Each structure stands twice: as structure tokens, then as C-alpha cells.
Amino acid sequence: LHTVLRMSNRREAFVSSVTHELRTPLTTFRLYADLLAKAPDAEKTRAYARTLQIEAERLSHLVENVLCYSRMEKRGITSHHRMTPVGELLDAMVPRLEEHCFRNGMILDFADASPGVRKTEILTDPSAVDRILVNLVDNACKYGKTMESQVVELQARQEKRWLVLEVADKGPGLAKAQRRRLFKAYNHGQIGAKSPNTTIGLGLNICFNLARALGGSLGFEDNHPGCRFILKLPMDLQHR
């Protein structure tokens, strides 16, 4: 009975969270579609279309997270490891992350790995690594943008037999009361007590569980100011 009630509560929280998060982009879609239909000139048409593009990407990102979380809840995490050069892994992800930042009014400052590290092969699931970094960068875009800084920092390096990927911002940082639940599901508005942003609360939970499934870890540090998330991935099976 306790298990049934717990699952029922989780399902209710999930539906409530998804419904809450869908309202904002759908409201924006309706508003700007109406404005677009009545746009008096080409400049306003482009501006309204740009807003619709941003909201479409936001909605797509939400749906991807919901589907990913649903698969994790139903079947657990399945990963498809393959040997991939670090440079190939980064080259496939960075352009998408740069575009994501650009659409959110941010700039990605990427500190690439050294040539030697780029040539090193890592045994991992590239699609899972991509999902982690997209969520972390999206999180930084939502909560790290301030009047003083519109930069998301991404750094890649090797520490012994670990590939370390760091995503940092210079936003308001993480409220202390929220740190215990940082990687829990349905953790709404986790970054900064003064931030107006709230989320479905699945992104960081997905990142944390995917990192563990890859044999790695995901941690958090203060960036003074802002947040720094540290993803560590094993370079080979022996260290998983």
C-alpha cells in the first residue's frame, strides 16, 4: 500500500510539473502567433518569429526531458558505449551548445581540451553525454544570465583516467536551502532565490542518473558568484 501511494504521489507530481511547465511556452506561442499575424512590418515579423523559435526549442527540450525521464522510470537507464575520440565527442556537441546559448542571449566560452587529450579515446555513450551537457548548459542559460554576465563557461580536460567536463556561470548561485535536493526530481526553481525561473525539475536529476550510468559522477561547486557543475567520465571500462 505504501508503495502504491508513493507511486501515485510521484505520478501526480509529474503531471502537475509537466502541466505547469507547458503553460509558459504555450501562452507565448498564442501571444506571438497573434502578433505575427498582425505584424505591421518585416522587422517586427522577424522579431516575433525569433521569439517563436526560442519557445519552440524550449518546448522541444522539455519534451525530450520528459521522454527521457519516463524511459528511466519505466525501464531504467540503457546506454550504448563505444570507443570515441574525445575530440570527436566535443566537436559533435559544442556547435549545438553554442547555438543553444545564442538563442538564449548567452555566449558559450569553450576551453577546449589539449591536443593530446582530444586524440585519446573514451569508452562512453555520446548521446548520454550530449543529453547531460545540453541540460547543464540550458540550466546555466536560465539561471546564470545577469546584467554583468551573459557567458556560460565550458571546460574540457583530463585528470588521470577521467575526462572532466565543467559547465559554469556567474549568476546568483544556488540557494543553500535547495542544495540537499539539487539532483532530486521535481526540484522547482532550484537556482537562486531571487530568480523568476522555475522548471519542471527533471534536468539535473536526469544528468545525475545518466552520469552514474556512464560510470562517472556529477558534482556541484560554488563559482563565486554562480554555479559550477563538474561531470567526470571514466576513460575506459576499468575505471567505470
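Use the structure listed above.
The rules behind each value
- Residues numbered from 1 in each chain as written.
- Predicted model: local features only at pLDDT ≥ 70, side-chain atom pairs only at ≥ 80, totals over all residues.
- Heavy atoms only, no water.
- Helix = DSSP H or I, 4+ residues; strand = E, 2+ residues; numbered from the N terminus.
- Buried < 20%, exposed > 50% of the residue type's maximum accessible area, 1.4 Å probe, protein only.
- Contact = heavy atoms within 4.5 Å.
- Areas by Shrake-Rupley, 256 points an atom, 1.4 Å probe, with all protein chains shown as cover.
- Polar contact = N/O pair within 3.5 Å; in protein donor to acceptor, adjacent residues only side chain to side chain.
- Phe/Tyr/Trp six-rings, centres within 6.5 Å; stacked < 30°, edge-to-face > 60°.
- Axes fitted to C-alpha atoms, helices over the stretch in contact; angles between N-to-C directions.
- Parallel < 35°, antiparallel > 145°, perpendicular 65-115°, else oblique.
- Left-handed = near helix turned anticlockwise from the far one by under 90°.
- Nonpolar A, V, L, I, M, F, W, Y, C, P; charged D, E, K, R; others polar.
- Pairing = 2+ DSSP bridges.

Novice: Run through the overall build of the chain, naming residues and quoting values.
Specialist: For the chain, the helix and strand inventory stands at 6 helices and 7 strands. For the chain, the sequential pattern of α-helices and β-strands runs α-α-β-α-β-α-β-α-β-β-α-β-β. The 240 residues of the chain split such that 43% are buried. Taking as baseline every contact in the chain between residues at least 6 positions apart, the subset at least 24 positions apart corresponds to 72%. Summing over all exposed atoms, the chain offers an accessible surface of approximately 12,900 Å²; the carbon and sulfur share of this is 54%.

Novice: Tell me what's going on with the environment of S127, and back it up with residues and numbers.
Specialist: With respect to the helices and strands, S127 occurs in helix α5 (residues 126-143). In sequence terms S127 and M93 are 34 residues apart; their C-alpha atoms lie 9.4 Å from each other. For S127, the side chain forms a polar contact with the side chain of D125, separated by 2.7 Å.

Novice: Any details on unusual backbone geometry? Residues and values, ideally.
Specialist: In this structure, P225 follows H224 across a cis peptide bond, with omega equal to 0°. Relative to the assigned elements, P225 resides in the loop between β6 (217-222) and β7 (227-234). Even without being a glycine, K160 presents a positive backbone phi close to 55°. You can see K160 is positioned in the loop between β4 (151-159) and β5 (162-168).

Novice: I'd like to hear about the packing of aromatic side chains, residue by residue, with values.
Specialist: Summed over the entire model, instances satisfying the criterion amount to 3 aromatic pairs. Here the aromatic rings of F183 and F229 are separated by 6.4 Å at their centres, their planes lie at 75°, and the arrangement is edge-to-face. On the criterion of sequence distance, the pair formed by F183 in the loop between β5 and α6 (203-213) and F229 in strand β7 is long-range, its members being 46 residues apart. Its relative accessible area of 17% is what places F183 among the buried residues. Among the aromatic side chains, those forming a connected cluster through ring pairs are F183, F208, F220 and F229.

Novice: Describe the packing of helix α3 (residues 86-103) against α5, listing the residues and the values that go with them.
Specialist: Between α3 and α5, the least distance of the axes is 10 Å, while the angle of their chain directions is 25°. What the angle tells us is that α3 and α5 run roughly parallel. For the pair α3 and α5, the sense of crossing is right-handed. Counting all contacts with α3, which are made through L89, M93, R96, L97, H100 and C101, the residues of α5 involved are P126, V129, D130, R131, L133, V134, V137, D138 and C141. By residue class, the composition of the contact of α3 with α5 is 10 nonpolar, 1 polar and 4 charged.

Novice: Can you lay out the sheet that holds β4 for me, pointing to particular residues and giving the numbers?
Specialist: The strand order across the open sheet formed by 5 strands is β2-β4-β5-β7-β6, and the pairing between neighbours is mixed. The sheet terminates laterally at β2 (107-111) and β6, the two strands that pair on one side only. The mean inter-strand angle of the sheet, taken between neighbouring strand axes irrespective of direction, is 20°. In this sheet, β7 lies alongside β6 in antiparallel orientation, the contact comprising 6 bridges. Its bridge partner being in β7, E221 is matched across the sheet by R228. Against the sheet, α5 makes contact with β4, β5, β6 and β7, and its axis sits at roughly 25° relative to β5, the strand it touches most. Packing of α6 onto the sheet brings it into contact with β6 and β7, and relative to β6 it is tilted by some 130°.

The analysis is restricted to geometry; functional conclusions fall outside its scope.
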